Amino acid sequence: MPRFRATLLASTLLLGGCASPAHQQLGVVITGLEGELQRLEEELAAMNGLNYQKAIDAPLSLRRYLKAPTPTPEGLVPIRSQLQDGPRLSYDYRLPAGMSTLPLDNLCQRYEFELRHLGHLGQLELSWQGAGGEGERMIRQTECSFPAKTSKM
């Protein structure tokens, strides 16, 4: 048997072992644990119990949200979002014609999801540019008084 075929056969047998029922069960268990971790992260966020400093430790739901953010009530979507250590989240907006500033009313309520998921040390930096000028605003999670939510299990 040529050396190449022997290597290919050995690789096939090894990879076939990875798909054994025991390995498939392990995959199911890992998926279940990831789901449980996400559920616990959401509970902690609802109770204002998240506390982390490294962006890599951000809850999975926040990282997914940043990939496809929800538009504001005015239809604005950040052109750039960046999560940094601290944790600090930055949103950059480009304002449409006729809008001179980003709406600054009820910022804690407008960005409640992000602020809760940034945790106690979290900061949200909003920057905007438009025909009427530019500006920025920093919101710290500690400035917002969110009531703790209880989840139904």
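All of the points below concern the structure found in this document. Just so it is clear, the model here is predicted, and its values are computed rather than measured. (Residues numbered from 1 in each chain as written. Predicted model: local features only at pLDDT ≥ 70, side-chain atom pairs only at ≥ 80, totals over all residues. Heavy atoms only, no water.)

What follows deals with the pattern of salt bridges. This model, assessed by the stated rule, comprises eight salt bridges. We note a salt bridge from lysine 54 to aspartate 85, for which the minimum N-O separation is 3.6 Å. Here aspartate 85 lies in the loop between β1 (80–84) and β2 (88–94) and lysine 54 lies in the loop between α2 (21–46) and α3 (60–67), a separation of 31 residues in the sequence. Overall, lysine 54 belongs to the partly exposed group, its relative accessible area being 46%. Under the relative-accessibility criterion, aspartate 85 is labelled partly exposed at 46%. Overlapping salt bridges, with partners in common, bring together Glu36, Arg39 and Glu43 in one network. (Salt bridge = Lys/Arg side-chain N within 4 Å of Asp/Glu carboxyl O. Helix = DSSP H or I, 4+ residues; strand = E, 2+ residues; numbered from the N terminus. Buried < 20%, exposed > 50% of the residue type's maximum accessible area, 1.4 Å probe, protein only.)

Moving on to the nonpolar core. Ranked by size, the top nonpolar core spans 24 residues in total, and within it Tyr91, Tyr93, Leu102, Tyr111, Leu124, Leu126 and Ile139 carry the most contacts. Contributing elements (two or more residues each) for this core: α3, β2, α5 (112–118) and β3 (123–130). (Core = buried A, V, L, I, M, F, W, Y, C linked by side-chain atoms within 4.5 Å.)

All right, on to the packing of aromatic side chains then. Within this structure, the stated rule accounts for three aromatic pairs. Relative to tyrosine 93, the ring of tyrosine 91 lies with its centre 6.1 Å away and its plane at 80°, an arrangement referred to as edge-to-face. Across the pair, exposure class does not vary: tyrosine 91 and tyrosine 93 are buried alike. Its relative accessible area of 1% is what places tyrosine 91 among the buried residues. An aromatic cluster of three or more residues is present, and its members are Tyr91, Tyr93 and Tyr111. (Phe/Tyr/Trp six-rings, centres within 6.5 Å; stacked < 30°, edge-to-face > 60°.)

Buried within α3 we find Ser61, Leu62, Tyr65 and Leu66. The arc that holds the buried residues of α3, viewed along the axis, is 135°, so those residues lie on one side. (Arc of directions from axis to C-beta.)

Now for unusual backbone geometry. Of note, the bond from glycine 86 into proline 87 is cis; its omega dihedral lies within 30 degrees of zero at -10°. Note that proline 87 resides in the loop between β1 and β2. Despite not being glycine, asparagine 106 shows a phi value in the positive range, around 50°. Topologically, asparagine 106 is positioned in the loop between β2 and α4 (107–110).

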